[in-house]
Amino acid sequence: MAIRNIVKDGDPVLAKRCRPVEQFDARLEQLVADMKETLKKANGVGLAAPQVGVLKRVFIIDLGDRMIEAINPEIVKTSGKQREVEGCLSVPNRWGYVTRPKHCTLRAYNCKGEQYEIKLSNLEARCACHEYDHLEGQLFTRLVDEFVTFEKE
Ligand code: NI
């Protein structure tokens with residue numbers, strides 16, 4: 001496994017739509033394993049493949065006790081609303097309020113090519129929507145209705 005470089009805002013790779021994964025092979029497993037290491041090291045909640053420069057429809061979310069690997073994900077159902085402060089590993093030192101669904105159902109494949117569905121709420125639902133947007137080439141900053149600044153100490 002290897003830590004990969006996290007691409008930062010301004011890099012055109014973050015503005016592109018990602019392609020579906022067609023082969024569930026060792027290369028995909030390597031990508032996901034590397035993304036997990038990279039996310040842990042960066043102390044983030046979620047990471048999408050374009051953030052490590054790979055234009056494939058893959059993201060991961062850290063649920064605390066385990067990580068979800070979402071290959072070719074779809075958000076099939078949403079409900080409710082939440083407005084919270086959001087940030088992104090690719091957009092350092094910028095945070096802002098974004099309104100997202102409070103609950104969502106994520107349908108995706110794991111690395112082995114097995115399809116699953118999972119219901120997510122609150123931070124996890126927010127994270128799934130944020131990571132999904134990365135696969136569409138969109139950053140959270142376009143949804144922010146109010147940026148916040150934190151005092152530096
Ligand atoms: Ni992000």
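The shown structure was predicted, so the numbers you read here are calculated from the model rather than taken from an experiment.

J.: Explain the overall build of the protein to me, and be specific about the residues and the numbers.
T.: On a plain count of helices and strands, the protein comes out with two helices and eight strands. Moving toward the C terminus, one meets the helices and strands of the protein in the order α-β-β-β-β-β-β-β-α-β. A compact globule built from 153 residues should have a C-alpha radius of gyration of about 15 Å, and the protein, at 15 Å, falls within 12% of that. Seen through its principal axes, the protein has C-alpha atoms that stretch 45 × 35 × 30 Å. Taken over 153 residues, the protein has a buried fraction of 46%. Considering only contacts in the protein between residues 6 or more positions apart, those separated by 24 or more positions represent 67%. A total accessible area of about 8,600 Å² is found for the protein, and carbon and sulfur atoms account for 45% of it. Charge centroids of the protein, computed over 24 positive and 23 negative side chains, lie 3 Å from each other.

J.: How would you explain the coordination of the nickel ion if you had to name every residue and give the values?
T.: At the metal site, the nickel ion is ligated by Cys88 (SG), His130 (NE2) and His134 (NE2), and these contacts range over 2.1 to 2.2 Å. The sequence pattern describing where the donors of the nickel ion fall on their chain is C-x41-H-x3-H. Linking Cys88 in strand β4 (residues 82-88) with His134 in helix α2 (residues 122-135), this pair joins segments that are 46 residues apart in sequence. Exposure class is identical for Cys88 and His134. Each is buried.

J.: Lay out the sheet that holds strand β2 (residues 58-62) in plain terms, naming residues and giving numbers.
T.: Across the sheet, which stays open at both edges, the five strands sit in the order β1-β2-β3-β6-β7 with antiparallel pairing between neighbours. Bordering the open sheet on either side are β1 (46-48) and β7 (115-121), each of which pairs with just one other strand. In this sheet, adjacent strand axes meet at a mean angle of 40 degrees when their direction is disregarded. Examined bridge by bridge, strand β3 (residues 67-79) and strand β6 (residues 103-109) share six bridges and lie antiparallel to one another. In the sheet register, Glu74 faces β6, and the bridge partner there is Arg107. Those strands touched by helix α1 (residues 26-42) are β1, β2 and β3, and its axis lies near 40 degrees from that of β2.

J.: Break down the pairing of β3 for me, citing the residues and quoting the values.
T.: Two elements, β2 and β3, share five bridges in a ladder whose sense is antiparallel. Residue pairing in the sheet places Val58 in a bridge with Ile71 of β3. Hairpin connection of β2 to β3: four residues between the antiparallel strands, including Gly64 at a positive phi of 100 degrees.

Definitions and limits used
- Residues numbered from 1 in each chain as written.
- Predicted model: local features only at pLDDT ≥ 70, side-chain atom pairs only at ≥ 80, totals over all residues.
- Heavy atoms only, no water.
- Helix = DSSP H or I, 4+ residues; strand = E, 2+ residues; numbered from the N terminus.
- Rg over C-alpha atoms; globule rule 2.2 N^0.38 Å.
- Buried < 20%, exposed > 50% of the residue type's maximum accessible area, 1.4 Å probe, protein only.
- Contact = heavy atoms within 4.5 Å.
- Areas by Shrake-Rupley, 256 points an atom, 1.4 Å probe, with all protein chains shown as cover.
- Lys, Arg positive; Asp, Glu negative; His and termini not counted.
- Charge placed at Lys NZ, Arg CZ, Asp CG, Glu CD.
- Donors = N, O, S within 2.8 Å, 3.2 Å for Na, K, Ca; no water.
- Pairing = 2+ DSSP bridges.
- Axes fitted to C-alpha atoms, helices over the stretch in contact; angles between N-to-C directions.

Note that every value here comes from positions in space, so none of it alone points to a role or purpose.
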